[in-house]
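Structural overview
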Amino acid sequence: MDVDTRLLRYFVAVAEEGSLTRAAQRLFVSQPALTKQIRQLETQLGVRLFTRSRTGMAATEAGRALAERVPALLADWDRTLRETKAAASRAERVLRVGFVASGANEATPRIVAEFARRRPGWRAEMRQAAWSNPSAGLADAEVEVALVRLPFPGQDAVRVVALFAEPRCVVLADTHPLVAHGVIPFRELWDEPFVAAPPETGRWRDYWLATDEREGHPVHIGAVTDQPDDWLTAIANGYGIALAPESAARFYARPGVTYRPVTGVSPSQVGVAWAPADDTNPVVQDFVQCCLDGLGDSSGRKDDNGPVAEGG
C-alpha cells in the first residue's frame, strides 16, 4: 500500500497537538482541509486513528502505534530525498532556487549574477512556485533554497533570514470607485470582496487577506486564484480586490488594474530560506550570502537591526 507522506505529516501534527485546530494552525492549513486528509488516511489504512470529542483528538490504539513509528520514518525519508537531490545537483553543478511571485524584486538578477561569480561553473536554476506552494518547493525538497514571502507554511521547521520589508498596497479594477483616492485606509476595504489564495495555504492566505488587522471584521471572498495572471484577471473583471507588495505595481502592471497605497496594514517581508540540513552546505550558504550582498534600494531596505535568522 502506498501512502502519501503528506498525509503522514498531517497525522503526526494531529497526534502531537491532540487538537485539529492547533494542528491546522501549526501546518498552516484550514481545519476542514486537515479533517479531510485525516479521514483519507484512515480510509487508506482501513483503521480508525483518532476518537473525536469536544475536548480534542485522542489517538486510538492503532493511532498510537502509528504515531510511535511515523516521525522516524518521515525523518529518514526527508534525509534520503534531500541527499539524493543534492547529489544530482552537485553532479550537474546546479543550485535549485524556488521563488514566489517576483522573488527578491530587482535584487534577484544581482543575486543570481553574484552567485555565478562566487561559484564559477555553477548555475542558479530559478523555479517559480504557485501560490498554493508558498514555501516555493522547499517543504517538499524540490529546491535547496528559496526566496519567499513571510509568513509561509512550515516556516518554523526551516532556516529563514529576513532580507527586507516593503509596504503592502491594494490592487483594484480601473473601474472601482476607490481608484480616485490617492491613499486608501484599509478600514474602507473591509466590506469589499477579496481575491484570495487557495484555502489550503492557511496562514499565507490569511496574511494576504490581513485577517489579523480587521478587528474581527469578516472577510468576503470574491474569487480564489493560484497564479498571478489569474489573480490579475479576477481583479480586472471586478470579482474582488487584493493586497499585494508595493513592488507588484512594477512587476504585475496590466491594463484594467490599478495599484494604490493603503494604510493600516503591516509591511510584507521577503526572506531567503533553506533546510537545517544545509547549514553546512557551502553552495547553499554562498547563495544566502549573495542574497545579503545583493540587496539595494530597488528591492527594499534592511531594517535597522539587519537581517535576522529564524526557524529550525
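Everything in this summary refers to the structure shown in the same document. Keep in mind that this is a model prediction, so the values were computed, not measured. (Residues numbered from 1 in each chain as written. Predicted model: local features only at pLDDT ≥ 70, side-chain atom pairs only at ≥ 80, totals over all residues. Heavy atoms only, no water.)

Turning our attention to helix α7 (residues 228-236). Along an α-helix, a turn takes 3.6 residues, which lines up residues three or four apart on a common side. Buried within α7 we find Pro228, Trp231, Leu232, Ala234 and Ile235. Buried residues in α7, looked at end-on, bunch into an arc of 160 degrees, giving them a common side. On its buried face, α7 is in contact with β7 (168-173), β9 (193-196), β10 (220-224), β11 (242-245) and β12 (257-263). (Buried < 20%, exposed > 50% of the residue type's maximum accessible area, 1.4 Å probe, protein only. Helix = DSSP H or I, 4+ residues; strand = E, 2+ residues; numbered from the N terminus. Arc of directions from axis to C-beta. Contact = heavy atoms within 4.5 Å.)

Turning our attention to the packing of aromatic side chains. Under the defined criterion, the tally for this structure stands at five aromatic pairs. An angle of 70 degrees between the planes, with centres 5.8 Å apart, marks the rings of Phe115 and Phe287 as edge-to-face. Linking Phe115 in helix α5 (residues 107-118) with Phe287 in helix α9 (residues 282-293), this pair joins segments that are 172 residues apart in sequence. Both rings, one in Trp131 and one in Trp231, keep their centres 5.4 Å apart while their planes meet at 90 degrees; by these two values the pair is edge-to-face. Here Trp131, found in the loop between β4 (123-129) and β5 (145-150), pairs with Trp231, found in helix α7; they are 100 residues apart in sequence, far enough to count as distant. Like Trp131, the residue Trp231 is buried in the burial classification. A connected cluster of aromatic rings, assembled from ring pairs, spans Trp204, Tyr207 and Trp208. Sitting over the ring of Tyr207, Arg168 keeps its end group 3.9 Å from the ring centre. Between Arg214 and the ring centre of Phe194, over which it is positioned, the NZ or CZ distance is 4.7 Å. (Phe/Tyr/Trp six-rings, centres within 6.5 Å; stacked < 30°, edge-to-face > 60°. Lys NZ or Arg CZ within 6 Å of the ring centre and 35° of its normal.)

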